Amino acid sequence: MIDQPTKDKLLPLLVPDFMPSDESELCTDSDNSEENDTPSRNSQKKILWYHELVWRSSELDSYIKSLDRKIERRRSTKGKQMVLPIKKDDPARISSRQPPEGAPEWAVSPFFD
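I will try to describe carefully the structure that is included in this document. (Residues numbered from 1 in each chain as written. Predicted model: local features only at pLDDT ≥ 70, side-chain atom pairs only at ≥ 80, totals over all residues. Heavy atoms only, no water.)

Quick word on the environment of R93
Quick note on the threshold: Runs of H or I in DSSP of at least four residues are treated as helices and runs of E of at least two as strands, each being numbered from the N terminus. With a 1.4 Å probe rolled over the protein chains alone, any residue whose accessible area is under 20% of its type maximum counts as buried; one over 50% counts as exposed, and the rest are partly exposed. Should any heavy atoms of two residues lie within 4.5 Å, those residues are counted as being in contact.
Inspection of the secondary structure puts R93 in the segment after β3 (86-87). Judged by relative accessible area, R93 falls into the buried class, the value being 16%. Remark: the alpha-carbon pair of R93 and S21, spanning 72 residues in sequence, is separated by 9.8 Å. Setting aside residues up to four positions removed in sequence, R93 forms contacts with E23, E25, W49, Y50, H51 and E52.

Describing helix α3 (residues 58-74)
Rules: Multiplying 1.5 Å by the helix residue count minus one yields the expected span of that helix.
Helix length check: α3, at 17 residues, gives a terminal C-alpha distance of 24 Å against a target of 24 Å (1.5 Å per residue), a fit within 8%. Within the span of α3, buried status applies to L60, D61, I64 and S66. The inward-facing, buried residues of α3 abut α1 (4-10).

Concerning the layout of surface pockets
To be explicit about the condition: Definitions used throughout: a 1 Å grid over protein atoms alone; a cavity as a set of points that fits a 1.4 Å probe which cannot get out; a pocket as an open set with protein on both sides within 12 Å along at least five of seven lines; a lining residue as one with an atom within 4 Å of a point. Grid points are joined across faces, edges and corners, and a volume is the space filled by probe spheres set on the points.
Estimates place the volume of the largest pocket at around 640 Å³. If you trace the largest pocket, you find 24 residues lining it, with P20, Y50, D68, I86 and K88 closest to the centre. Of all the secondary structure elements, the ones that give two or more residues to the lining of the largest pocket are β1 (21-28), β2 (44-51) and α3. Among the elements that line the lining of the largest pocket, the one with the most residues is α3, at six residues. Of the voids in this model, the second largest pocket is the one considered here, and its volume is about 230 Å³. Every residue along the wall of the second largest pocket is listed here: M1, I2, K7, L10, L11, L14, L67, K70, I71 and R74. Only α1 and α3 provide two or more residues apiece to the lining of the second largest pocket. If you tally residues by element for the lining of the second largest pocket, the top one is α3, at four residues.

Encoded structure:
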């Protein structure tokens, strides 16, 4: 449970400028691609690539991950089926965006240049 002072601190940051960008991509199902060199539309699935914001502090990341987990737990079964799989493990997909103007000091990593 997030207390009220923390909610008040986070609320102004729950806007697109503080959220990572992402892009969707159609991927071929690896099992089907071996059988046929030209995969059909049915053998493809869509994934969402997450672009990490390197300037975000570990404190802000921790709060955002906590909120993401809460949202995931509250989704219905049908809702969970509609969510695209998210990939976060590609170092080439790190965002080059700078911190938003006026970002609070606690939200920006001290290691960001």
